[in-house]
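# Commentary on secondary and tertiary structure
If you want the building blocks of each chain, they are given just below.
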Amino acid sequence: MEEDVKKLKDRITELEKKLLDKELILNVNEYQKVSKEYANLKKQIDVLERIQVIDRQINDNELIIRNETDYELIEMARKEIERLNKEKNKLLKDLETESETERINKIILEIRAGTGGEEAAIFAADLFRMYSKYAARQGWLLSVLDSNESSLGGLKELTAEISGKGVYDVLKYESGVHRVQRIPETEKSGRIHTSTATVAILPQMENIEIEIKPSDLEISTFRSSGPGGQNVNKLETAVRIKHKPTGIVVASQAERFQQRNKEKALEILKAKLYELKRQEEESKILSQRRQQIGTAKRPEKIRTYNFPQSRVTDHRINKSWHNLEAIMEGDLDNLFSDLKQELDKKSEVIY
């Protein structure tokens, strides 16, 4: 195992040097590829190094069993070895297998301003920036499919696609109402305002059967208002699709060509219909078990961002982090790790 760790560390050193290369940074696709490999290897090394620590602890306890005569110490050592072996076996299994959610490598991210007027729209934009920075750290690909800005540069709503290894497993608990408490820049009296924004994480599953009848679709085109497109105000390349049976409306204006935007919009619709179906099935089971598992449709807040106290609190696990500024800059590893550890125990995601 030591040799495996050494090889991985050597490779990580190579990748770190590559990531500092200015030419690589300019090559977006190659940079994302190297970043993905780097993130995956770091995760493997963390697991392997923990296994090395466990092996040393097992050896220490085996020495106690061989050399001690105190019965209580020997029994304690045996129990500790049993616990350590269970942890080691789990880590080894995690290296070999992936969960169902870890195999979902593409999601649709939706953010909408909630209550609070312009401040809610600004908060929605802040959330998108936070997720964007985190995605960049992970080496994930993020593309905005549709957005609607407010008058002061906030976001009324935004739809984006994020792809990367295990992206859904990391972000699945972000769905819900996010609340912010802070003094808006437009507030002259210094009064703290409370605003909200909603986040939805929709998995894009491969090989799933979602029937969409052409007769159920109402398709329209419009001129893109997004950034960077030379077709803006010239051609109607953006596409909006309404699914008449459910009333779901989706849109895409990120691509230069109408057909590609139509394909993207259909992908979003498919993800939404799948999520609707999943939630219906989940609700049936939850009513039988008399439990409540968080989904994007729940009205209550899941998290509060308190700026005056530099505190982020997730109400589902009743835990706070006191590094709000870093979190808003995309430093979400500890928060996501704590959420996964607690909520994976409580909830069962259905596929």
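Residues numbered from 1 in each chain as written. Predicted model: local features only at pLDDT ≥ 70, side-chain atom pairs only at ≥ 80, totals over all residues. Heavy atoms only, no water.

### A few points about helix 1 (residues 2-19)
Formally: Each helix is a run of H or I in the DSSP string that is no shorter than four residues. Each strand is a run of E no shorter than two, and both are numbered from the N terminus. Multiplying one less than the number of residues by 1.5 Å gives the expected span of a helix. Burial here depends on accessible area, computed with a 1.4 Å probe over protein chains only, as a share of the maximum for the residue type. Under 20% is buried, over 50% is exposed, and the range in between is partly exposed. Starting at the helix axis, one direction is taken to each C-beta atom, and the arc is that of these directions.
The terminal C-alpha atoms of helix 1 lie 26 Å apart, and with 18 residues this matches the ideal 26 Å at 1.5 Å per residue to within 8%. If you check which residues of helix 1 are buried, you get Val-5, Leu-8, Ile-12, Leu-15 and Leu-19. Buried residues of helix 1, seen end-on, are gathered within an arc of 85° and therefore sit on one face of the element. Among the exposed residues of helix 1, those pointing more than 90 degrees away from its buried face are Glu-2, Lys-7 and Lys-17.

### Some thoughts on the sheet that holds strand 7 (residues 238-243)
To keep things clear, this is the line we draw: A pair of strands is considered paired only if DSSP assigns at least 2 bridges between the two. Angular values range over 0 to 180 degrees, each being the angle between N-to-C directions of two axes fitted as lines to C-alpha atoms, with helices fitted over their stretch in contact.
If you walk across this open sheet you meet the 3 strands as 6-7-8, and the pairing is antiparallel. The sheet terminates laterally at strand 6 (217-222) and strand 8 (248-252), the two strands that pair on one side only. Here the strands of the sheet are splayed against their neighbours by 15° on average, with no regard to which way each runs. Pairing of strand 6 with strand 7 involves 6 bridges; the strand directions are antiparallel. When the bridges of strand 7 are listed, Glu-218 appears paired with Lys-242.

### Points about the sheet that holds strand 2 (residues 141-149)
The strand order across the open sheet formed by 8 strands is 2-3-1-5-4-9-10-11, and the pairing between neighbours is mixed. In the strand order of this sheet, the two ends are held by strand 2 and strand 11 (319-321), each with one partner. The mean angle between the axes of side-by-side strands here comes to 20°, regardless of whether they run parallel or antiparallel. Bridge analysis of strand 9 (residues 301-306) against strand 10 (residues 311-314) gives 4 bridges, and the strand direction is antiparallel. Residue pairing for strand 10: Arg-303 is matched across the bridge by Asp-314.

### A few points about the side chain of Asp-314
Inclusion rule: Two N or O atoms form a polar contact when they lie within 3.5 Å of each other; inside protein one atom must be a possible hydrogen donor and the other a possible acceptor, and for residues adjacent in sequence the pair counts only when both atoms belong to side chains. Contacts were defined at the residue level, with two residues in contact if any of their heavy atoms lie within 4.5 Å.
Note that Asp-314 resides in strand 10. Judged by relative accessible area, which is 0%, Asp-314 ranks as buried. Looking at Asp-314, its side chain comes within polar contact range of the side chain of Arg-303, at 3.2 Å. Those residues in contact with Asp-314, other than ones at most four positions away along the chain, are Ile-302, Arg-303, Lys-319, Trp-321 and Leu-339.

### Looking at the environment of Asn-105
Tracing the backbone through its elements, the reader meets Asn-105 in the loop between helix 4 (71-96) and strand 1 (106-113). Judged by relative accessible area, Asn-105 falls into the partly exposed class, the value being 35%. Distance from Asn-105 to Pro-203, taken between C-alpha atoms, is 8.3 Å for residues 98 residues apart in sequence. For Asn-105, the residues in contact, after removing those within four places along its chain, are Ile-162, Ser-163, Gly-164, Lys-165, Gly-166 and Val-167. Among the polar contacts listed, one links the side chain of Asn-105 to the backbone nitrogen of Gly-166, at a separation of 2.8 Å.

### Here we look at the packing of aromatic side chains
Threshold: Pairing of aromatic rings covers Phe, Tyr and Trp, the last through its six-membered ring, and needs centres within 6.5 Å; plane angles under 30 degrees mean stacked, over 60 mean edge-to-face, and all others mean tilted. A ring has a charge above it when a Lys NZ or an Arg CZ is no more than 6 Å from the ring centre and no more than 35 degrees off the ring normal.
The full count for this structure, using the stated rule, is 3 aromatic pairs. Between the aromatic rings of Tyr-134 and Trp-140, the centroid separation amounts to 5.6 Å while the plane-to-plane angle is 75°, which identifies the pairing as edge-to-face. Joined through ring pairs, the aromatic side chains of Tyr-134, Trp-140 and Phe-336 make up one cluster. Residue placement shows Arg-182 over the ring face of Phe-307; its charged tip is 4.8 Å from the ring centre.

### A look at the pairing of strand 5 (residues 193-203)
For strand 5, the tally of buried residues reaches 8 of 11 residues, placing the bulk of the element in the interior. Bridge count for strand 1 against strand 5 is 7 bridges, and the pairing is antiparallel. In the sheet register, Glu-110 faces strand 5, and the bridge partner there is Ala-200. Bridge analysis of strand 4 (residues 176-182) against strand 5 gives 7 bridges, and the strand direction is antiparallel. Note that in strand 5 the partner of Val-180 across the bridge is Ser-195.

### Thoughts on the side chain of Gln-253
For Gln-253, the position within the fold is in the loop between strand 8 and helix 7 (258-289). Engagement of the side chain of Gln-253 in a polar contact is seen with the side chain of Asp-146, the distance being 2.6 Å.

### Observations concerning the confidence of the model for the chain
Under the convention used in this document: Every residue carries a pLDDT, the predictor's confidence in it, which falls somewhere between 0 and 100.
In this model, the chain carries a mean pLDDT of 83, and residues with pLDDT of at least 70 account for 84%. The weakest mean pLDDT in the chain belongs to helix 2 (residues 22-26) at 75; the strongest belongs to strand 10 at 97. Scored below 50 in pLDDT, residues 288-299 makes 20 contacts in the model with residues more than four places away or belonging to other chains.

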